[in-house]
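Next come the chains, spelled out residue by residue.
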Amino acid sequence: MFMIRLAGIGKSFGDKEVLRDINLTVDTGKIFAVLGPSGSGKSTLLRCINFLERPTCGAVESGGRTIDAKTATSRDIIFLRNQTAMVFQQFNLFQNLTVTGNVMLGLTDVKRMDRREARAVSLQILDRVGLSDKANSYPSQLSGGQQQRVGIARALAMKPDVLLLDEPTSALDPELIEDVLQCIIKVAEDVNAMIIVTHELGFAKILADTIVFIDNGVIVEQTDTTQFFQNPSTERARDFLKNSLRRYLNPSETLLQQAI
Amino acid sequence: MQKELDWAFLWKNLIQIGTKIPTTMYLALLATFLGVLLGLFIALVKIYKVPVLRWIATAYVSFIRGTPVLVQLYLVYYGMPWAFLTVTSKFGLTSLAESFNPNNISPAFFALVTFTMNSGGYLSETLRSAIESIDRGQIEAARSIGLTESRIMLKIVLPQVALSALPNLGNSLISMVKDTSLAFSVMVIDVMGAAKLLGSKTLRYLEIYIAVSIVYWTLCIFLECVFAVVEKKMKITKRGLAE
Ligand SMILES: Nc1ncnc2c1ncn2[C@@H]1O[C@H](COP(=O)(O)OP(=O)(O)OP(=O)(O)O)[C@@H](O)[C@H]1O
Ligand SMILES: [Mg+2]
């Protein structure tokens, strides 16, 4: 059984084609990591899944329904967004609400859960991401790592079929990254399926079942994680890994080259 | 020979004028409150680029900014009854026209309409920029968990707009308190109205105008303090004691 399926998704901004004929099926329990160079369309792909960007063509299937980009109504889009939840690079927490308020909002205002129950559920999830003691704080009082864990809790509370994460650690100071990665690994057990865009190759390697490598708006290859890192089947993926690895192993040299 | 200022007289009349503070405050507060609602409506029309309405909104705001309040007051005072009678007679509703004789309507009503329309026009720009300055990321996050656009407005955007627009709203209310002094031109007996009446009765205009200026000044200082406290409170609840 699949949790979400993308069929022929394409996206253009004006004349500029950013995604072309994206087909992807994420089965229950699977974690997909999307890798690719900067500007290749990873964020756009993720944002097309919940129609934060409306795809130009193609369809998303989830929860037994097929939502076509050409005909989707606002009701269809809300349905799709109820099937998914998203964690953002910049956290995007609601500044006017407390930590608990951030997690509760979807429960009370989308799922129509009674406030008391919603609060109890939220506190439980906050405990899961290790933030019980910050329940009554406001986002502006938290560190980046803590804010991102609230973002994760807010998404988890919706019990999505698919959790979407767009570079969840890219905006964090290096010493806070580990914390959030651990948190994602932990909550990965709770979710039905996950699609994560990341630049952390080591993390993708231990977390993901499948790697989707995308370049110039097309899926270049979609391979089992172990195989992708040992022996990618395309030249472009090999180059990407080589470049990333070089940056990873010897950052100073790359910096030096850039400086020259 | 120049008469000396009569301080006892001034004080007595100041108290007298002060009894009309509720009328002035009522008018100013209600007009500002309704003006916020009108301004919000205009702002949303502009933000969502509602066809036709947006052009009307633009012309409206330009008119409100481009004409004196006093002129607007007279336009409403003479224009509304005229419009009412014209419309009712055109549709043959003579009995309606007679039963709701607009000449019996309290002048305060016309003042309220004018000041509401005026502040709505001015506040629409303030509110629009406050709404547009809310970070897009939060709105996207709200969408991503399935909230509808109207819920997002209500739960995420407007509370933050209220906070960021608060200093402006405070200033508007204070301007409004002063603007309502024009309401006397259509026979509203507010603080200014009371002063004018006392002036023409006693003919000691200077004392009366000193008294009325003290009343307005005190009122505005008081409002400034209230807003300073409210703002501080809201900042604290929003940011906690961290700052
Ligand atoms: N709203 C937009 N309007 C126009 N072009 C856009 C828009 N959003 C993205 N693009 C373009 O689409 C392409 C893909 O962008 P996208 O953000 O999906 O890349 P990415 O793979 O996520 O990159 P990064 O790794 O830097 O985050 C880029 O060339 C970008 O300039
Ligand atoms: Mg991106």
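For every chain, the first residue of the written sequence is number 1, and numbering continues from 1 onward in sequence order. Chain labels run from A onward and ligand labels from 1 onward, assigned in the order the entries are written. A pLDDT threshold of at least 70 governs which residues receive local features in this predicted model, and a stricter bar of 80 or more applies before side-chain atom pairs are shown or counted, although totals over entire chains, interfaces and linings include all residues. Water and hydrogen atoms play no part in the side-chain values, which are based on all heavy atoms of the structure.

1. Regarding the overall build of chain A
The helix and strand tally for chain A stands at 10 helices and 10 strands. Rg of the C-alpha trace for chain A: 19 Å, near the compact-globule value of 18 Å for 260 residues, within the 12% margin. With the C-alpha coordinates aligned to their principal axes, the bounding extent of chain A is approximately 55 × 45 × 35 Å. For every residue, the accessible area (1.4 Å probe, protein chains only) is compared with the maximum for its type, and the residue is labelled buried under 20%, exposed over 50%, or partly exposed between those bounds. Counting all 260 residues of chain A, 57% fall into the buried class. Surface exposure here means Shrake-Rupley accessible area, sampled with a 1.4 Å probe, where a residue is shielded only by the protein chains that are shown. For chain A, the computed accessible surface area is about 11,900 Å², with 47% contributed by carbon and sulfur atoms. Charged residues are defined narrowly, with Lys and Arg counted positive, Asp and Glu counted negative, and His plus the chain ends left uncounted. A single reference atom marks each charge: NZ on Lys, CZ on Arg, CG on Asp, CD on Glu. Positive and negative side-chain charges of chain A, numbering 29 and 30 respectively, have mean locations separated by a distance of 4 Å. Numbering goes from the N terminus for both helices and strands, where a helix is a DSSP run of H or I of at least four residues and a strand is a run of E of at least two. Every radius of gyration here is taken over C-alpha atoms, with the globule rule written as 2.2 Å times N^0.38, N being the number of residues.

2. Details of the nonpolar core
The nonpolar side chains of soluble globular proteins are, as a tendency, buried together. Residues enter a nonpolar core if they are buried and are Ala, Val, Leu, Ile, Met, Phe, Trp, Tyr or Cys, with the set joined through side-chain atoms within 4.5 Å. Ranked by internal contacts, the top residues of the largest apolar core, which has 57 residues, are A:L6, A:F51, A:F94, A:I195, B:L127, B:V157 and B:V161. When residues in this core are grouped by element, the largest group, 7 residues, is from helix α8 (residues 149–179) of chain B. By definition in these notes, contact holds between two residues if any of their heavy atoms fall within 4.5 Å. In contact with B:V157, not counting residues within four places along its chain, are B:I131, B:I134, B:I139 and B:I152. Judged by nonpolar contacts, the second largest core, of 52 residues, contains A:V129, A:A155, A:C183 and A:V220.

3. Concerning the sheet that holds strand β6 (residues 84–87) of chain A
Residues and elements named next belong to chain A. In this description, strands pair whenever DSSP reports at least two bridges between them. Reading across from one edge, β6-β7-β8-β3-β9-β10 is the order of the 6 strands in this open sheet, with mixed pairing throughout. The strands lining the two open edges of the sheet, one partner per strand, are β6 and β10 (218–224). Each strand axis lies, on average, 20° off the axis of its neighbour in the sheet, ignoring direction. In this sheet, strand β7 (residues 162–166) lies alongside β6 in parallel orientation, the contact comprising 4 bridges. What sits directly across from A85, in β7, is L163. Each of β3 (31–35), β6, β7, β8 (194–197) and β9 (210–215) touches helix α1 (residues 42–49); the most contacted strand, β7, lies at about 150° to it. Each axis is a line fitted through C-alpha atoms, taken for helices only over the stretch in contact, and angles between the N-to-C directions span 0 to 180 degrees.

4. Some words on the side chain of A:E221
Residue and element names in this part refer to chain A. Position of E221 relative to the elements: it lies in strand β10. It is R238 that comes nearest to the buried, bridge-free E221 among opposite-charge side chains, at 7.1 Å. Under this definition, polar contacts are N or O atom pairs within 3.5 Å; protein pairs additionally need one hydrogen-donor-capable and one acceptor-capable atom, and for neighbouring residues in sequence, both atoms have to be side-chain atoms. Polar contacts involving the side chain of E221 include one to the side chain of S233, which spans 3.0 Å. Polar contacts involving the side chain of E221 include one to the side chain of T234, which spans 2.7 Å. In what follows, salt bridge is the name for a side-chain nitrogen of Lys or Arg lying within 4 Å of a carboxyl oxygen of Asp or Glu.

5. Some details on the pairing of β3(A)
A large share of β3(A) lies buried, amounting to 5 of its 5 residues. Because side chains alternate across β3(A), one face comprises the buried residues A:I31, A:A33 and A:L35, and the other comprises A:F32 and A:V34, equally buried.

6. Things to note about the interface of chain A and chain B
Many structure descriptions define interface size as the accessible area lost when the parts assemble. On the side of chain B, 22 residues touch chain A, which itself brings 25 residues to the contact. A:R47 serves as the salt-bridge partner of B:E140, at 2.8 Å between the closest nitrogen and oxygen. Of all the secondary-structure elements, those providing two or more residues to the side of chain A that touches chain B are α2 (74–83), β6 and α3 (99–109) of chain A.

7. Brief notes about the domain arrangement of chain B
Residue and element names in this part refer to chain B. What counts as a domain boundary in this text is fixed by an automatic or database domain assignment. Here chain B is partitioned into domain 1 (1–20 + 189–243) and domain 2 (26–179). The C-alpha centroid of domain 2 is placed 27 Å from the C-alpha centroid of domain 1. Across the contact, 10 residues belong to domain 1 and 9 residues belong to domain 2. By convention, the term buried area covers the 1.4 Å-probe accessible surface removed from two parts as they join, with the contributions of both added. Summed over both sides, the interface of domain 1 with domain 2 buries roughly 960 Å², with 90% coming from carbon and sulfur.

8. A look at the pattern of salt bridges
Opposite charge on two side chains permits them to pair, given that their charged atoms come into close proximity. A complete count under the given rule lists 15 salt bridges over all chains for this structure. Between A:R20 and A:E17 there is a salt bridge; the shortest N-O distance is 3.1 Å. Overall, A:R20 belongs to the partly exposed group, its relative accessible area being 45%. Taking the relative accessible area as the measure of exposure, A:E17 reaches 47% and is therefore partly exposed. Close ionic contact of B:K46 with B:E125 constitutes a salt bridge, the shortest N to O distance being 3.0 Å. Taken together, the residues span a long stretch of sequence, with B:K46 in helix α2 (residues 21–47) and B:E125 in helix α6 (residues 107–132) at a distance of 79 residues.

9. Some remarks on helix α5 (residues 144–157) of chain A
A helix's residues, less one, multiplied by 1.5 Å, set its expected span. For α5(A), built from 14 residues, the straight-helix expectation of 20 Å at 1.5 Å per residue is met to within 8% by its first-to-last C-alpha distance of 20 Å. Two residues or fewer past α5(A), A:K159 is found with a positive phi of approximately 45°.

10. Looking at the site of ligand 1
All names here are of chain A. By convention in these notes, a residue is near a molecule or strand provided one of its non-hydrogen atoms lies within 4 Å of it. With respect to spatial proximity, 13 residues lie near ligand 1, and among them K16, S38, K42, S43 and T44 are the closest. A distance of 3.2 Å is found between an oxygen atom of ligand 1 and a backbone nitrogen or oxygen belonging to S40. One of the backbone N or O atoms of G41 is found 3.0 Å from an oxygen atom in ligand 1. For ligand 1, whose free accessible area comes to 630 Å², the fraction covered by protein is 61%. Contributions of two or more residues to the shell around ligand 1 are made by β2 (16–27) and α1. By residue number, the principal contributor to the shell around ligand 1 is α1, which donates 3 residues. Residue composition of the shell around ligand 1, by class: 3 nonpolar, 7 polar and 3 charged. Here the nonpolar group is Ala, Val, Leu, Ile, Met, Phe, Trp, Tyr, Cys and Pro; Asp, Glu, Lys and Arg are the charged ones; every other residue, Gly included, is treated as polar.

11. Observations regarding the side chain of A:T98
Residues and elements named next belong to chain A. Residue position: T98 is located in the loop between β6 and α3. There is a polar contact of 3.0 Å between the side chain of T98 and the backbone nitrogen of G101. Those residues in contact with T98 that lie beyond four places of it in its chain are A135, N136, S137 and Y138.

12. Regarding the packing of aromatic side chains
Side-chain rings of Phe, Tyr and Trp (the six-membered ring for Trp) are treated as a pair once their centres are within 6.5 Å; stacked means planes under 30 degrees apart, edge-to-face means over 60, and tilted covers the remaining angles. One pass over the full model with this rule turns up 8 aromatic pairs over all chains. Note on A:F213 and A:F228: the rings are 6.2 Å apart at their centroids and 40° apart in plane angle, and the pair reads as tilted. Placement of A:F213 in strand β9 and of A:F228 in helix α8 (residues 225–230) is noted, with a sequence separation of 15 residues between them. For the pair formed by A:F213 and A:F228, the shared burial category is buried. Arranged with centres 5.4 Å apart and planes meeting at 85°, the rings of A:F228 and A:F229 form a pair that is edge-to-face. A:F228 sits in the buried class, given a relative accessible area of 0%. Here A:F229 falls in the buried class, since its relative accessible area comes to 18%. Of the aromatic side chains, those joined through ring pairs into one cluster are B:Y74, B:Y77, B:Y78, B:F109 and B:F110. Counting as a charge over the ring demands two things of the Lys NZ or Arg CZ atom: a distance within 6 Å of the ring centre and an angle within 35 degrees of the ring normal. The lysine or arginine in question, A:R65, covers the ring of A:F79, its NZ or CZ lying 4.2 Å from the ring centre. Over the face of the ring belonging to A:F94 we find A:R154, whose NZ or CZ atom lies 4.6 Å from the ring centre.

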